[in-house]
There are 2 protein chains.
Amino acid sequence: MKTDNDKQTKTKQEETKKKEILTELQNFHKKDISFSSGKILSSMCTKPLKIVEEARKIFKETNLGDKRISEGAIEIEKICIRWVGDLLNLNQPYGFITSGGTESNILAIMEARARKREAMKESGEKEMMPEEIIVPETAHFSFDKISFLMDIKIKKASADKNFCVDLNSVKNLINKNTIAVVGVAGTTEYGSIDDIEGLAQICMANKIYLHVDAAFGGFVIPFIRKLNYNVRNFDFGIEGVDSIALDPHKMGMNIIPSGMILFGKEPKFSVNVSYLQGKHERLLGTFPAASAAGCYACLKFLGEDGYIKIVKECMENTKELAEGLKGLGIEILNPTMNILNFNIRKEIYNKLVETGWIISKTSKGYARIVIMPHTKRTHIKKFLNDIKQLMKNAKN
Amino acid sequence: MKTDNDKQTKTKQEETKKKEILTELQNFHKKDISFSSGKILSSMCTKPLKIVEEARKIFKETNLGDKRISEGAIEIEKICIRWVGDLLNLNQPYGFITSGGTESNILAIMEARARKREAMKESGEKEMMPEEIIVPETAHFSFDKISFLMDIKIKKASADKNFCVDLNSVKNLINKNTIAVVGVAGTTEYGSIDDIEGLAQICMANKIYLHVDAAFGGFVIPFIRKLNYNVRNFDFGIEGVDSIALDPHKMGMNIIPSGMILFGKEPKFSVNVSYLQGKHERLLGTFPAASAAGCYACLKFLGEDGYIKIVKECMENTKELAEGLKGLGIEILNPTMNILNFNIRKEIYNKLVETGWIISKTSKGYARIVIMPHTKRTHIKKFLNDIKQLMKNAKN
């Protein structure tokens, strides 16, 4: 028999152990770079809203992938999809909260495959091999993964001087094996927005699925349009758009993991599962309901006005940085959203990295800065000042 | 200018809003069924360890997918992989923490594809179409998704009377297009363990990749073997095993999402990403470091002894349920681990579901119960009592 004393000793030992482990984890975390440090100038994630953590806590044990036991969580997901459907001009949205952009893009291309195969079956056409997708050369690297993963040939359409996809290039790449065309609304490297209306025309004329990757731009473009920035639309208001991916864990202010995929029509893909008593339409089996709760909290807490305020500040800070760089005689590319590219000498770029700035380069060699909500005026001033000093030192 | 009063009013309004939203979420959550209710008898997830939430909190904003800013988190992941490598008899493990079993299984089949294609390239063989995988008919439904996703033909090997894969059936299905064979260590429906040694012999003789899906069994089998249960081994100690998937968010006691994939050799798959300054080997781009922290906390807090204790209790409770059912004259299948199947009349099964018990049926029609750590003796007694009453009522 265990005595009360034994139990107390054990509880005490466990408490000590717990504290030790958490201290160890805190020490590891000191090696990570935090958003609050102001050093991170090229991540598409940011410091999430405070409410999210509390929202997640409520659903910490709930599996959104098991419909039998997560009725409440599934309702939350549906509400989120409906709200974001409204934001994206879609009356009757279908879709899921996902783990992020890659999963959303996978689900979109899976849906394109499912529709194409069904259409071919109905028309009695033979299966074609290999299937092909056309993506802009500026598309996210997840499409290179998807090509290997799904065994689909990836064809890259060239971009114009503004890093938007060239419509003629897309047209020329289409053939009978094309199952989907991808447009990007907010490219990872440049923040450029493809001509989705133009792509939609091409896709409708050729009966091809059109997916819009707005992982980054989805929570930016609708709001800067409301702020009267003159940028292209990308949403379901454009006839011919079949699906849109957008990430609450980027500019949506949610905690990782949380992406979203919305479809204009009910998706066809699913597998039957006996022991779950029904169909399973997600890619992942087990999925954190906490991600849906976090999403709900962000959308409701911020509302349109809250997002507009956040995006406005990011855009103003981007302008501040752009002006500062120009003032130093540095050539910048005009930003479409809160991503800024500029030309800087290799030695100075490297020195900035050495100093601890987390910045990056595009595949074409431009420096790339993403001005997220965690980046404040003081950080921008400090960054500009460091560049100024480095340029001065280089001259001497 | 905003006055201090304005600011205070705003903060107060925001606090009220926050509380309202959290109350709404709590109300939604009332519709979910909690593990503590004792009603959930067929989920493979469970109430996670308390320490996990605090561990996750530390890394709430950290993206494990961005190596530049998550050095500490990546160290944690490596330590977890090494510990689990030890558990699975692997000296130099490679692998990742993933979102769960589906992603882990995808990564395994991607790796099989990468190796097969490289080998064919080296030998100058032509690409074969379509690639094929052989899985037991008892395999998890994620492999049906993988078949469609990866455009791979799935061939199902038959199972013997103990729901373990028939080795001759596997042998007969192998051809030059086979890129991988999957064995299951702890099938979802029956908890049965395939003859991994037998599969390894076949795979080595035919130079085929062998993946073991131990999503459920990975955190059970090593411990019941230490408790001297006479069950098969499945780990890297068996020559010919190329990868193993196992889920910390199932019997590993971690919060969703957290799976794991371990490889015996360095995986070949990756894509180059300019703006992240290097290769990206994961399936998902952005990934919560919190999942790694939770994993570290579980492994270190419980240790081998802790897991053994948990698994022992689950096994004893499974036995308790088995004996109880037998006592009621119900035919049961002998359980391999903490999953129990039995034959029960449809009317009684349906009544149990109506009463609120979350139970399930296998594709062959057996009732299926998973005795997880959240299921206590009192719940089992209550469940048995309900069956007894229903049987009695049915007689009258």
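Residues numbered from 1 in each chain as written. Chains lettered and ligands numbered in written order. Predicted model: local features only at pLDDT ≥ 70, side-chain atom pairs only at ≥ 80, totals over all residues. Heavy atoms only, no water.

## A word on the overall build of chain A
A count of helical and extended segments in chain A gives 11 helices and 13 strands. Relative to a compact globule of 396 residues, whose C-alpha radius of gyration would be 21 Å, chain A shows 24 Å and is just as compact. When its C-alpha atoms are laid out on the principal axes, chain A stretches across 75 × 75 × 40 Å. Looking at chain A residue by residue over its 396 residues, the buried ones come to 61%. Within the structure as shown, chain A displays about 16500 Å² of accessible surface, and the carbon and sulfur contribution to it stands at 48%. Once the 59 positive and 49 negative side-chain charges of chain A are each reduced to a mean point, those two points are 5 Å apart. (Helix = DSSP H or I, 4+ residues; strand = E, 2+ residues; numbered from the N terminus. Rg over C-alpha atoms; globule rule 2.2 N^0.38 Å. Buried < 20%, exposed > 50% of the residue type's maximum accessible area, 1.4 Å probe, protein only. Areas by Shrake-Rupley, 256 points an atom, 1.4 Å probe, with all protein chains shown as cover. Lys, Arg positive; Asp, Glu negative; His and termini not counted. Charge placed at Lys NZ, Arg CZ, Asp CG, Glu CD.)

## Considering the relation of the copies chain B and chain A
Each copy of the sequence occupies a distinct position, and chain B is placed on chain A by a rotation of 180 degrees and an axial shift of 0.0 Å, giving an RMSD of 0.0 Å. In the structure described here, the two chain copies are related by an operation that fits a two-fold rotation axis. Every residue of chain B has its C-alpha some distance from the rotation axis, and the shortest such distance is that of Met150(B), at 2.1 Å. Taken as a fraction of all interface residues of chain B, those also at the interface in chain A reach 100%, which identifies the copy contact as same-surface. (Least-squares fit on C-alpha atoms with pLDDT ≥ 70 in both. Contact = heavy atoms within 4.5 Å.)

## Let's talk about the pairing of strand E1 (residues 94-98) of chain A
All names here are of chain A. Burial of E1 is extensive: 4 of the 5 residues sit out of reach of the surface. Strand direction decides the pairing type here: E1 and strand E7 (residues 259-263), joined by 5 bridges, are antiparallel. Across the sheet, residue isoleucine 97 finds its bridge partner in E7, namely methionine 260. (Pairing = 2+ DSSP bridges.)

## Section: the interface of chain B and chain A
The partner chain A presents 97 residues to the 97 residues of chain B that form the contact. Both sides together, the interface formed by chain B and chain A hides about 8600 Å², and carbon and sulfur atoms give 63% of it. Where chain B packs against chain A, one counts 13 salt bridges. A salt bridge links Glu24(B) to Lys300(A), with the nearest nitrogen and oxygen atoms 3.0 Å apart. (Buried area = accessible area lost by both parts, 1.4 Å probe. Salt bridge = Lys/Arg side-chain N within 4 Å of Asp/Glu carboxyl O.)

## Some details on the sheet that holds strand E2 (residues 132-136) of chain A
Residue and element names in this part refer to chain A. Reading across from one edge, E1-E7-E6-E5-E4-E2-E3 is the order of the 7 strands in this open sheet, with mixed pairing throughout. Strands at the two margins of the open sheet, each flanked by one partner only, are E1 and strand E3 (153-157). Pairwise comparison of adjacent strand axes, ignoring direction, gives a mean angle of 20 degrees for this sheet. Note that strand E6 (residues 243-246) and E7 share 4 bridges and pair antiparallel. By the bridge assignment, leucine 246 is partnered in E7 with methionine 260. (Axes fitted to C-alpha atoms, helices over the stretch in contact; angles between N-to-C directions.)

## Looking at the nonpolar core
Counting residues in each nonpolar core, the largest one holds 220 residues, and the members touching the most others are Leu25(A), Phe59(A), Ile109(A), Leu25(B), Phe59(B) and Ile109(B). When residues no more than four places from it in sequence are discounted, the contact partners of Phe59(A) are Ala73(A), Ile76(A), Ala289(A), Ala290(A), Ala293(A), Leu25(B), Phe28(B), His29(B) and Asp32(B). (Core = buried A, V, L, I, M, F, W, Y, C linked by side-chain atoms within 4.5 Å.)

## Thoughts on the packing of aromatic side chains
Enumeration over the complete set of coordinates arrives at 18 aromatic pairs over all chains. Seen from their ring centres, Tyr190(A) and Tyr366(A) are 6.2 Å apart, and the 85 degrees between their planes marks the pair as edge-to-face. Here Tyr190(A) is found in the loop between strand E4 (178-184) and helix H7 (196-206), whereas its partner Tyr366(A) is found in the loop between strand E12 (360-361) and strand E13 (367-370), with 176 residues between them in sequence. Grouping residues by exposure puts Tyr190(A) and Tyr366(A) together as buried. Each ring, one from Tyr296(A) and one from Phe28(B), has its centre 5.7 Å from the other, and the planes form 75 degrees; the classification is edge-to-face. With Tyr296(A) in helix H9 (residues 289-327) and Phe28(B) in helix H1 (residues 4-29), this residue pair bridges two chains. Overall, Phe28(B) belongs to the buried group, its relative accessible area being 12%. Site record: aromatic cluster; members linked through ring pairs are Phe28(A), Trp83(B) and Tyr296(B). (Phe/Tyr/Trp six-rings, centres within 6.5 Å; stacked < 30°, edge-to-face > 60°.)

## Quick word on the state of the cysteines
All names here are of chain A. The tally for this structure, following the rule as stated, stands at 0 disulfides over all chains. Cysteine 164 forms no disulfide, and the closest cysteine sulfur to it belongs to cysteine 203, at a distance of 16 Å. For cysteine 164, a relative accessible area of 8% puts it in the buried group. (Disulfide = S-S within 2.5 Å.)

## Some points on the sheet that holds strand E10 (residues 332-333) of chain A
Residues and elements named next belong to chain A. The 4 strands lie next to each other as E10-E11-E13-E12, forming an open sheet whose pairing is antiparallel. Of all the strands in the sheet, the pair left with one neighbour each is E10 and E12. Relative to E13, strand E11 (residues 339-342) is paired through 4 bridges, and the arrangement is antiparallel. Each bridged residue has a counterpart across the sheet, and for leucine 340 the counterpart in E13 is isoleucine 369.

## Some remarks on the side chain of Thr98(A)
Structurally, Thr98(A) can be placed in strand E1. Apart from the residues lying within four places of it in its own chain, the contact partners of Thr98(A) are Glu103(A), Ser104(A), Leu107(A), Pro257(A), Ser258(A), Gly259(A), Met260(A), Ile261(A) and Phe287(A).

## Considering unusual backbone geometry
Residue Ile256(A) is joined to Pro257(A) through a cis peptide bond whose omega torsion reads 0 degrees. Despite not being glycine, Phe163(B) shows a phi value in the positive range, around 65 degrees. Among the structural elements, Phe163(B) can be located in the loop between strand E3 (153-157) and helix H6 (167-173). Positive phi outside glycine occurs at Met253(B), with the angle close to 75 degrees.

## Some words on H1(B)
With 26 residues, H1(B) ought to run about 38 Å at 1.5 Å a step, and its terminal C-alpha atoms sit 37 Å apart, in line with that. When H1(B) is considered as a whole, its buried residues turn out to be Lys18(B), Ile21(B), Leu22(B), Leu25(B), Phe28(B) and His29(B). If you follow the buried residues of H1(B), they end up packed against helix H2 (50-58), helix H3 (71-87) and H9 of chain A. (Expected span 1.5 Å × (residues − 1).)

## Description of the packing of helix H4 (residues 101-123) of chain A against helix H5 (residues 142-150) of chain B
Two elements in contact, H4(A) and H5(B), have axes whose closest approach is 10 Å; the angle formed by their N-to-C orientations is 75 degrees. As the angle between them shows, H4(A) and H5(B) are arranged roughly perpendicular. From H4(A), Ile106(A), Met110(A), Arg113(A), Ala114(A) and Arg117(A) reach across to H5(B), where they touch Phe148(B), Leu149(B) and Met150(B). Partitioned by chemical class, the residues of the contact of H4(A) with H5(B) number 6 nonpolar, no polar and 2 charged. (Parallel < 35°, antiparallel > 145°, perpendicular 65-115°, else oblique. Nonpolar A, V, L, I, M, F, W, Y, C, P; charged D, E, K, R; others polar.)

## With respect to the side chain of Asp32(A)
Within the secondary structure layout, Asp32(A) lies in the loop between helix H1 (4-29) and H2. Despite being buried, Asp32(A) has no salt bridge partner; Lys31(A) is the closest side chain of opposite charge, sitting 8.7 Å away. Here the side chain of Asp32(A) touches His29(A) through a polar contact of 2.8 Å, side chain to side chain. Of note is the side chain of Asp32(A), whose polar atom sits 3.0 Å from the backbone nitrogen of Ala73(B). (Polar contact = N/O pair within 3.5 Å; in protein donor to acceptor, adjacent residues only side chain to side chain.)

## Brief notes about the pattern of salt bridges
Tallying each qualifying case throughout the model produces 53 salt bridges over all chains. Of the charged contacts, one joins Glu54(A) and Lys18(B) as a salt bridge, the two residues approaching to 3.2 Å between their closest N and O atoms. With one member in each of two chains, Glu54(A) in helix H2 and Lys18(B) in helix H1 form a pair that bridges those chains. Residue class for Glu54(A) comes out partly exposed when judged on its relative accessible area of 34%. On the basis of relative accessible area, Lys18(B) is assigned to the buried category, the value being 15%.

## Examining the domain arrangement of chain A
Residue and element names in this part refer to chain A. You can read the domains of chain A as domain 1 (36-47 + 308-395) and domain 2 (50-301). Placing the centre of domain 1 and that of domain 2 at their C-alpha centroids yields a distance of 29 Å. Contacts between the two partners involve 24 residues from domain 1, matched on the other side by 26 residues from domain 2. Taking both partners together, domain 1 and domain 2 bury about 2100 Å²; carbon and sulfur atoms supply 74% of that area. At the junction of domain 1 and domain 2, the tally comes to 1 salt bridge. Note that lysine 364 is salt-bridged to glutamate 137, the shortest N-O span being 3.5 Å. One can count 4 residue pairs in polar contact (both at pLDDT 80 or more) joining domain 1 with domain 2. (Domains from an automatic or database assignment.)

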